[in-house]
Every structure is written in structure tokens, then in C-alpha cells.
Amino acid sequence: FWVWAFCCSPSGSQRKDAGAPRWGRRFLLLGLLLAASACGGGNSTPAPIPPPPAPSTPIGNSTVTITGTSGSLVHSVTTTLTVQ
């Protein structure tokens, strides 16, 4: 109702140029409605908290054995892995 009352109600004047202020009010209202519609739409819930980082590999040396097989043939290599 208030939109009609603001835009379309007669201004009380019967002069030929009396429509000009009403057009101005219409454009003002249209601009306000467009501006108000641009302000909404946000999400009201906060962003989720990211998970904690995975535990890292401890610093130091580890012995690693790599074994490869093919049929009855077996090869193994031992090496040292260094984490800095």
C-alpha cells in the first residue's frame, strides 16, 4: 500500500506540470528498491572452521627397506630416509 501511496497518489494540484514531481518520486523509489535489493542475499551462517593440519612426520632419520619380487626372484634394498 505504501508504494502506491508514494508513487501513484494524486498530488492535489491540477496543473499540467504536476505529473513531473510524481515521475521524480517514481524514479527515486525505483532506485531505492534496486539499491535495497542489492544489499541482501548474504549467508548468515559463518564459514566452517577448517580441520586442523595433519600431524607431520617427525624430524630425524628412518631406515626404509624396499623389497621387489618377481616369481621366485626377490631383491631388497635398505636405505635411510632423512626428514629435515
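Fair warning: this is a prediction, and the values are worked out from it, not measured in the lab.

**Quick notes on the overall build of the protein chain**
Consideration 1: If you tally the helices and strands in the protein chain, you get two helices and two strands.
Consideration 2: Listing each helix as α and each strand as β along the protein chain from the N terminus yields α-α-β-β.
Consideration 3: Classification of the 84 residues of the protein chain by burial places 6% in the buried group.
Consideration 4: Once local pairs closer than 6 in sequence are excluded, the contacts in the protein chain between residues at least 24 apart make up 14%.
Consideration 5: Accessible surface computed for the protein chain: about 7,600 Å², of which carbon and sulfur atoms make up 65%.

**Re the pairing of strand β1 (residues 60–70)**
Consideration 1: Sheet topology note: the β1/strand β2 (residues 73–83) ladder contains eleven bridges and is antiparallel. Counted as the bridge partner of T65 is T78 from β2.

**Overview of a nonpolar patch on the surface**
Consideration 1: Nonpolar side chains collect at one region of the surface, where W23, F27, L30 and L34 lie side by side and expose about 470 Å² of accessible area between them.
Consideration 2: With respect to the helices and strands, the residue F27 is situated in helix α2 (residues 19–38).

Definitions and limits used
- Residues numbered from 1 in each chain as written.
- Predicted model: local features only at pLDDT ≥ 70, side-chain atom pairs only at ≥ 80, totals over all residues.
- Heavy atoms only, no water.
- Helix = DSSP H or I, 4+ residues; strand = E, 2+ residues; numbered from the N terminus.
- Buried < 20%, exposed > 50% of the residue type's maximum accessible area, 1.4 Å probe, protein only.
- Contact = heavy atoms within 4.5 Å.
- Areas by Shrake-Rupley, 256 points an atom, 1.4 Å probe, with all protein chains shown as cover.
- Pairing = 2+ DSSP bridges.
- Patch = residues over 30% accessible without salt bridge, like charges linked within 9 Å, V, L, I, M, F, W, Y side chains within 5 Å.
- Salt bridge = Lys/Arg side-chain N within 4 Å of Asp/Glu carboxyl O.

The analysis is restricted to geometry; functional conclusions fall outside its scope.
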